[in-house]
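Here's the letter readout for the chains.
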Amino acid sequence: MKRAIIIIASVLFGLLFYDKQIGLNLLIFSIITLIVLIIHDSKKFKERNVLISAIVYICTGVIVFINLSNLSIIANCIAFFTLIGVNSKSNTSIYINWLNGVYSTIAGIFHRNVDVNEAQQQITLKKDIDIFHWVKLLGIPIAFIILFVMLYKNGNPMFNDLINKINLDFINLEWILFCVLGYFLFSNISKPVCVEPATSLDLNTDNILVKSKNFSEETLKKETQLGTLLIALLNLLIVFYIVTDILYLLTNDLNSASALSNQVHSGINTLIASIIIAIIIILYFFRGDLNFYLKNTTLKNLTYLWIILNIVLIVLIANKNHTYITSFGLTYKRIGVNVYIFLTLIGLITTLLKVMNIKSLVYLLRVNTQLSFAIVIILSTINWDNTITNYNLYKAESFDIDYLIKLSDRNAITLYNAKANIIISEDNKGRIDQKYLNHIKSLNNKDWQEVHYEYFTVTEKTNAYESSK
Amino acid sequence: MNLPSNLSKSMLLAASIFWSVIIADEFDPDMIPYIFLSLIPIFMVSALVITLTICSVFWLREKDNTSKIKVFYTYFPYYAIVSFGFCFYFMASSNFDVFVVAFFSSAFITTSQSWVWFAKEKPHEKT
C-alpha cells in the first residue's frame, strides 16, 4: 500500500514538474508530500511541532501560488526541509531540523539501506519484493483495460472521440526518468532519518547556562575587571559617536543624492559590522561562569546600556535609509538594508535576553534561526516588485522608470495601469505596453501546472489583449 | 575492505546511470560501441573519487577500530550533503545540460551507494 502511494506520488511528480515552470504544481506537490508523510506515519502528526511545520509548509505553498516569487519558492523549500526534519525528530532545534531534512531528502534511502542491514539480515529476506505478484497486479488490469478500451472505441463514436483526445505525448524515456527521480525523492522522505551524533547532541543541550565545576572567583574577578573597563570605554565611544551623528544630521543638508548615497552605502555596512562585533564581545564575556559571579552587576548594567545605545545607533541608521528611500524611491538593495537592520535589531534584543535570563549560546542560535525563518516566510508574502512600483510612483519624491520597467513581470499590470497618470517619455510608455503584452501572453501560454493566482485575475486584461491583436 | 568488488560494482552502476540519462535524451545506435568504451574512463574516475574521498575516511578510522557502520553513520551524512551541493551546483551552472546532469547524477548516486557497500561489508572482508 505504502509503496503504491509512493509510485502514484512519483507519477504525479512527473506530471507536475517535467518541463514545467513553478506555479500551482508546487502547491499540489506540498499537498502530496503531506499526504505521503501522513500515510507513512500518521502518529507523528499528533505532535504539536510536526503539525505546526505541516501548516507552515502548506501556507508557503499557498504563498507560492498567490504571490509567485523566488523568495516564496525559497521559503517553501526551507519549510519542506523543516517539515521533513521535524518528522525525523520533533524536539530538535530548527537548524538540526534543516540538517535532518536535507539529509533525508537527498540520501534517506541509502541510510535506511544500512539500517535494515544492521538490524537483522532476515528482515531483508522477509521483505523481499514479490515481483511476480506486482507484475500480475499491475500488468493484468492494464492489459484488460487496454483491450476493453479498444473494443468500446468501435462501439461508440463519442467514446472514440474522447479516447482519441487523450494526449500521452508527454510520456517518454526522459519523463520516466523524471518519475524515477520523484520515486527517489518520495522514498527518501517517506521515512525521514537523523544525522547522528548531531541530533542527540542537540537534544541534550539545554537553553539554560549551568555553573561549571571549575568556578574560580579569582579568574572571574580579573575577567569582570577587563569586561567592565572595555564595555565602559565602548559606551563612552558610542555616546560620542551618537552625539556627533545627530549633530551631523541636524546641521548638514542630506538631500543631495551623493551625500545620502555616501552615508547609506559606506556608513551602514561599517556600522552594522560594529554592532555584530559588539554582540560577539558580549557573548564572549557572558559565555559561562561570569553569569553566576555575584559582583558582575556593574558589568551587566554597562552591557545593557551598550545594547540600548547600539539600538539607538540602529534607529539612526534606519532613519538615514528611510530618508534615502523617501527621496529616491525603493529598490531591492534598500529593502535589503532595512532587512539587514531589522535582523541586527533582533540579534541585539535576543542578546539582551540571553544576558538577562542567563541563557546559553545555543539558545541564541535557536531563537535567531527560528526568527530568521519566520522573517523569510513573512517577507515572501509580499509582492515586492509591485510594492516597489507603487511606492516609487505614488509616494517617493522621484523615481527611476528604467529600474521599474526592468523589474520582473509581476509589476507589469501596475505599471500599465499607472502609465497614464505619470510623466514619462513615449518611448518608456511603449516599453511598458510591450512588457504588459508579453506578461499577458506568457500568462495565456501557461499550462495548468504553471498557473498562479494572477492568471485567474487577468481575464479582463486577456480579453483586452485579444482585442488589441 | 573489498575495494575491487566495490569499484567494479560502482563502475557498472555509474555507467548505467550515465547512459540511461544520455539515452533518454537521444538514442543513436552508433553510440553502442562508445557505451562499452566509456567503461574505462568511468572506472578510472570512480576509482579515483571513491579511493580518495570514501576509502580514505574508512582507512583513517580503521586504525581506531571504529566499526564500518559507525563510520558510515558519522561521516556519510555530511559527505552526502556536501557532494549533493557540489553536484547540484555544477548541474545548475550548466543550465541542466544533459551531459553534465548525467555525469553528476551518476557521480552522486554511485558514491552514495559505494558508502553503503563499504558499510555493509562484513568485518573480516579485506582488500
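Rules and cut-offs
Residues numbered from 1 in each chain as written. Chains lettered and ligands numbered in written order. Predicted model: local features only at pLDDT ≥ 70, side-chain atom pairs only at ≥ 80, totals over all residues. Helix = DSSP H or I, 4+ residues; strand = E, 2+ residues; numbered from the N terminus. Buried ≥ 20, exposed ≤ 12 C-beta atoms within 10 Å, placed from the backbone. Contact = placed C-beta atoms within 7 Å. Nonpolar A, V, L, I, M, F, W, Y, C, P; charged D, E, K, R; others polar. pLDDT = per-residue confidence, 0-100. Expected span 1.5 Å × (residues − 1). UniProt positions renumbered as here; feature names shortened; annotations may be inferred. Axes fitted to C-alpha atoms, helices over the stretch in contact; angles between N-to-C directions. Parallel < 35°, antiparallel > 145°, perpendicular 65-115°, else oblique.

Side note on the overall build of chain A
Tallying secondary structure elements over chain A gives 21 helices and zero strands in all. Residues classed as buried in chain A amount to 30% of the 469 residues present.

Some words on the interface of chain A and chain B
Facing 14 residues of chain A, the contacting portion of chain B comprises 18 residues. Residue assignment for the side of chain A that touches chain B shows that the elements contributing at least two residues are α5 (94-119) and α9 (173-190) of chain A. Tallying contributions element by element places α5(A) first for the side of chain A that touches chain B, with nine residues. For the side of chain A that touches chain B, the class distribution of residues is nine nonpolar, two polar and three charged.

Concerning the confidence of the model for chain B
Residues of chain B with pLDDT of at least 70 account for 96%, and the chain-wide mean is 86. What the predictor reports for the complex is a pTM of 0.83 with an ipTM of 0.90.

Thoughts on helix α13 (residues 297-328) of chain A
Residues and elements named next belong to chain A. Compared with the 46 Å implied by 1.5 Å per residue over 32 residues, the 47 Å span of α13 between its first and last C-alpha is a close match. Every buried residue of α13 is accounted for by Leu299, Lys300, Thr303, Trp306, Asn310, Leu313, Ile317, Lys320, Asn321, Tyr324 and Ile325. Remark: glycine 329 follows α13 within two positions and exhibits a positive phi of approximately 90°.

Observations regarding the UniProt feature "transmembrane region" (unreviewed entry) in chain B
Residues annotated in UniProt with the feature "transmembrane region" (unreviewed entry) correspond here to residues 34-60, 72-92 and 98-118 of chain B. When the span residues 34-60 of chain B is considered, its composition is 96% helix and 0% strand, and the gap between its end C-alpha atoms is 37 Å.

Quick word on the packing of helix α1 (residues 2-17) of chain A against helix α2 (residues 24-40) of chain A
All names here are of chain A. At a minimum axis separation of 11 Å, α1 and α2 run at an interaxial angle of 175°. Taken together, α1 and α2 sit at an angle that is classed as roughly antiparallel. Contacts between α1 and α2 involve Lys2, Ile5, Ile6, Ala9, Leu12, Leu16 and Phe17 on the former and, on the latter, Asn25, Ile28, Phe29, Ile32, Val36, Ile39 and His40. When its residues are assigned to classes, the contact of α1 with α2 shows 11 nonpolar, two polar and one charged.

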